[in-house]
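# Fold and contact review
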Amino acid sequence: MGDVLRLSPAIWAYPDDAYENLKIEIILPGIEKKNISFKITEDGFYVKASKEGVEYVDSYSTCCPVNPDKAVATYSNGILKVTVPYQQPFEGAVDVKID
């Protein structure tokens with residue numbers, strides 16, 4: 001097995017026009033959908049994609065907390081597009097018992 005060239009993919013992350021969702025676009029030329037792994041948490045995401053001799057891999061933090069369970073992704077023509085809603089300010093907040 002030969003050497004693998006590891007590259008950081010070109011990534012754009014920006015809010016939608018209503019500032020309700022984070023839009024992520026990742027350029028992965030020549031990669032088949034089955035060879036892409038994308039993982040997201042509330043404060044970052046990781047992408048890994050490979051084809052013969054080349055591996056695109058990197059991780060990024062997001063500017064604001066997002067809802068990873070509501071992320072939607074599509075892949076077409078070498079572009080992975082992910083849309084994930086931002087968290088509401090008190091979403092997931094926990095009531096603290098006061099003694």
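Residues numbered from 1 in each chain as written. Predicted model: local features only at pLDDT ≥ 70, side-chain atom pairs only at ≥ 80, totals over all residues. Heavy atoms only, no water.

## Quick notes on the pairing of strand S3 (residues 21–27)
Spelled out, the test is: In this description, strands pair whenever DSSP reports at least two bridges between them. Only DSSP runs of H or I covering at least 4 residues are called helices, and only runs of E covering at least 2 are called strands; the numbering of each starts at the N terminus.
Relative to S3, strand S2 (residues 10–15) is paired through 6 bridges, and the arrangement is antiparallel. Of the residues in S3, the one forming a bridge with Ala10 is Ile27. Where S2 folds back on S3, the antiparallel hairpin that results is connected by 5 residues, among which Tyr19 adopts a positive phi of roughly 60°. In this sheet, strand S8 (residues 79–85) lies alongside S3 in antiparallel orientation, the contact comprising 7 bridges. What sits directly across from Lys23, in S8, is Thr83.

## Considerations on the pattern of salt bridges
Between side chains of opposite charge, a pair can form when the charged atoms approach closely. The condition is simple: Should a side-chain nitrogen of Lys or Arg be within 4 Å of a carboxyl oxygen of Asp or Glu, the pair is scored as a salt bridge.
Evaluated as defined, the whole model comprises 4 salt bridges. The residue Lys34 makes a salt bridge to Glu32 at a minimum N-O spacing of 3.9 Å. Through salt bridges that share partners, Arg6, Lys48 and Glu55 make up one connected network.

## Digging into the sheet that holds strand S6 (residues 54–61)
The test is simple: Axis geometry follows a simple rule: fit a line to the C-alpha atoms, using only the stretch in contact for helices, then measure angles between N-to-C directions, giving values from 0 to 180 degrees.
Ordered in space as S1-S6-S5-S4, the 4 strands form an open sheet in which the pairing is mixed. Looking at which strands have only one partner, the edges of the open sheet turn out to be strand S1 (5–7) and strand S4 (36–41). On average, adjacent strands in this sheet sit at an angle of 10° to one another, irrespective of strand direction. Pairing of strand S5 (residues 44–51) with S6, which is carried by 8 bridges, proceeds in the antiparallel orientation.

## Observations regarding the packing of aromatic side chains
Rules: Each aromatic pair joins two rings of Phe, Tyr and Trp (for Trp, the six-membered one) with centres within 6.5 Å, and gets the label stacked for planes under 30 degrees apart, edge-to-face for over 60, and tilted for any other angle. In this scheme, a residue with accessible area under 20% of its type's maximum is buried, one over 50% is exposed, and one in between is partly exposed, where area comes from a 1.4 Å probe on protein chains only.
On inspection of all chains with the given rule, the structure shows 2 aromatic pairs. Between Phe45 and Tyr60, the aromatic rings sit 5.4 Å apart at their centres with planes inclined by 25°, giving stacked as the arrangement. Remark: Tyr60 occurs in strand S6 and Phe45 occurs in strand S5; sequence separation between them is 15 residues. A relative accessible area of 6% means that Phe45 is categorised as buried. Relative accessible area serves as the criterion here: at 26%, Tyr60 is assigned to the partly exposed category.

## Thoughts on the side chain of Asp16
Convention followed: Any N or O atom pair separated by 3.5 Å or less is treated as a polar contact, with the protein-specific requirement of one donor-capable and one acceptor-capable atom, and with residues adjacent in sequence counted only for side-chain atom pairs. Two residues qualify as a contact provided that any one of their heavy atoms is within 4.5 Å of a heavy atom in the partner residue.
Among the structural elements, Asp16 can be located in the loop between S2 and S3. Within the structure, the side chain of Asp16 is placed 2.9 Å from the backbone nitrogen of Glu20, a separation counted as a polar contact. Apart from residues no more than four positions distant in its own chain, Asp16 is found in contact with Asn21 and Lys23.

## Concerning the state of the cysteines
As a reminder, the rule being used: Only a pair of cysteine sulfur atoms within 2.5 Å qualifies as a disulfide here.
Per the counting criterion, the structure on display carries 0 disulfides. Counting only cysteine sulfurs, Cys64 is the nearest neighbor of Cys63, a cysteine outside any disulfide, at a range of 3.5 Å. By relative accessible area, which is 62% here, Cys63 ends up exposed. Under the relative-accessibility criterion, Cys64 is labelled partly exposed at 37%.

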